[in-house]
Amino acid sequence: MTYDLTEKRALVTGASGGIGRAIALRLGECGADVVVHYHHAEEHATAVADEIQQLGRRVLVAQADISAPEQVNQMFADIKDEFAGLDILVNNAGIVRDQYLAFMSEEQFQEVLQVCLAGAWRCAKLAAKMMLRNKWGRIINVSSDAGLMGDVRRTNYAAAKAGLIGMTKAAARELAAQGITVNAIAPGMIETDLIGDMEEVHREALLARIPLSRFGQPDDIAGLIAFLASEQATYITGQVICVDGGLNLRG
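All values derive from a computational prediction rather than experimental measurement.

**Overview of the sheet that holds strand β5 (residues 137-142)**
So, point 1. Spatially, seven strands are ordered β3-β2-β1-β4-β5-β6-β7 in an open sheet, and the strand pairing comes out parallel. Each edge of the open sheet is held by one strand with a lone partner, namely β3 (59-63) and β7 (240-243). Within the sheet, the average angular offset between the axes of one strand and its neighbour, ignoring direction, is 15 degrees.
So, point 2. One ladder, built from four bridges, connects strand β1 (residues 9-12) with strand β2 (residues 33-38); its direction is parallel. Bridge assignment links Leu11 to a residue of β2, and that residue is Val35.
So, point 3. Each of β1, β4 (88-91), β5 and β6 (180-187) is contacted by helix α4 (residues 106-134), which is oriented at about 170 degrees to β4, the strand it contacts most.

Next comes the structure, spelled out in structure tokens:
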């Protein structure tokens, strides 16, 4: 289903591939102008931008390390110059630095929190300032089942994604009166390069835990994002929606 996002301006962080790419393209298909954010993968981000431009949308390719406040500030200055504001923010960017708790370094812990949680907070803060001018906005945070159930070797990632859920609920309370909704989605195992490179025995073990007996697709996430960004979701805020094939039911 296509939702009408005509004349809306959207920023998708981590949009150069995988889930972020699918989200950026879906928002473009729905009529939004899109800021395609990336950190390292410039070639992939440019390819995503080209696809969105072919849909007749305006596109800005933005490079930034969202763990660095000055780079986030510059990205939003560029958005203001190019699009004169922002209506939709999708905090999708994230990293993993997996290690068992007893052996995880301070750097591994802090690096994940700075990108997955603090980086999302920085973007939400600056996006909210833009949205307040129009008293309309959508902030959608991509959390994870790990933030709800935990995950082995990912105390850093689980902590960041759980924090993102708390941030979502607090921001939803703050911004509701200004016409801005804030929601989170919690993907489970989604078919990306990470899953594609997994050994077959591990794939089968993961599939056995999923009631729907399949991995999700990036489009499963993108469709929900488009809905939450639309007028059809105007009465939904502060929610965490699992997109995991029922994995959380067996948590």
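**Some words on the pairing of β3**
So, point 1. Where β2 lies against β3, five bridges are found, and the strand directions are parallel. The residue of β3 that forms the bridge with His37 is Ala62.
So, point 2. Read from β2 through helix α2 (residues 42-53) to β3, the crossover connection turns out right-handed.

Reading the values: the criteria
Residues numbered from 1 in each chain as written. Predicted model: local features only at pLDDT ≥ 70, side-chain atom pairs only at ≥ 80, totals over all residues. Heavy atoms only, no water. Pairing = 2+ DSSP bridges. Helix = DSSP H or I, 4+ residues; strand = E, 2+ residues; numbered from the N terminus. Axes fitted to C-alpha atoms, helices over the stretch in contact; angles between N-to-C directions. Contact = heavy atoms within 4.5 Å. Right-handed = clockwise from strand over helix to strand, strands pointing away.

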